[in-house]
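# Tertiary structure, described
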Amino acid sequence: MMQILVIHGPNLNLLGTREPGIYGAQTLAQIDADLSEKATIAGVELKSFQSNHEGALVDRIQAAGSEGCQFIIINPAAYTHTSVAMADALAAVALPFVEVHLSNIHKRESFRHHSFFSARAEGVICGLGAQGYQLALAYALEKLKNPPKRPT
């Protein structure tokens, strides 16, 4: 069975109560449930993981490579701008991934404009709230069901 991993970075466990004007009113549990339902309908296993700890996130990314995961959807949150370790872990497992941000990081403080992940991502979705995760999932499902053809 195809498998997609969704990784949520620090403070995303507070969604629904943390600055809803910026991050929306949906909880992380609601976002994960919506994604899981759509993945199940598509015949894909979806696993979700959230941590406030960089090392735990690195460990989870590394484990994805040996667990048969084919795609990662990641919201690195504040680690977007600081974590070379997570970016290196994604490069090491060499799995395709989409970077998601609930808010438009380019309309916020200047330190949020740089991402250590974007250059390696299949795509970046920001500023669309929880819908960004849905769009990332739709892309991942399409990519998994229609892999690029290798030249003969």
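Residues numbered from 1 in each chain as written. Predicted model: local features only at pLDDT ≥ 70, side-chain atom pairs only at ≥ 80, totals over all residues. Heavy atoms only, no water.

## Concerning the overall build of the chain
A tally of helices and strands in the chain yields 5 helices and 5 strands. Listed by position from the N terminus, the elements making up the chain come as β-α-α-β-α-β-α-β-β-α. Computed over the C-alpha atoms, the radius of gyration of the chain is 15 Å, within 12% of the 15 Å expected from 2.2 N^0.38 for a compact globule of 152 residues. Accessible area of the chain: about 7600 Å², with a carbon and sulfur share of 54%. Charge separation in the chain, taken as the distance between the mean sites of 12 positive and 13 negative side-chain charges, equals 6 Å. (Helix = DSSP H or I, 4+ residues; strand = E, 2+ residues; numbered from the N terminus. Rg over C-alpha atoms; globule rule 2.2 N^0.38 Å. Areas by Shrake-Rupley, 256 points an atom, 1.4 Å probe, with all protein chains shown as cover. Lys, Arg positive; Asp, Glu negative; His and termini not counted. Charge placed at Lys NZ, Arg CZ, Asp CG, Glu CD.)

## With respect to the UniProt feature "binding site: substrate" (unreviewed entry) in the chain
Here the UniProt feature "binding site: substrate" (unreviewed entry) sits at Asn75, His81, Asp88, Leu102, Ser103 and Arg112. Within the secondary structure layout, Leu102 lies in the loop between strand S4 (97-101) and strand S5 (123-126). Residue classification places Leu102 among the buried residues on the basis of a relative accessible area of 5%. Ignoring any residue separated from it by four or fewer positions in sequence, one finds Leu102 in contact with Leu12, Leu15, Tyr23, Asn75, Gly127, Leu128, Gly129, Ala130 and Tyr133. Residue Ser103 is classed as buried on the basis of its relative accessible area, which comes to 8%. (UniProt positions renumbered as here; feature names shortened; annotations may be inferred. Buried < 20%, exposed > 50% of the residue type's maximum accessible area, 1.4 Å probe, protein only. Contact = heavy atoms within 4.5 Å.)

## Focus: the pairing of strand S3 (residues 71-75)
Taking burial as the measure, the 5 residues of S3 include 5 buried ones, the bulk of the element. Neither face of S3 is exposed, since Phe71, Ile73 and Asn75 on one face and Ile72 and Ile74 on the opposite face are all buried. By the bridge criterion, 5 bridges tie strand S1 (residues 3-8) to S3 in an arrangement that is parallel. Its bridge partner lying in S3, Leu5 is registered against Ile72. Bridge analysis of S3 against S4 gives 3 bridges, and the strand direction is parallel. Pairing of Ile72 across the sheet is with Phe97, part of S4. The handedness of the S3 to S4 crossover, carried by helix H4 (residues 84-93), is right-handed. (Pairing = 2+ DSSP bridges. Right-handed = clockwise from strand over helix to strand, strands pointing away.)

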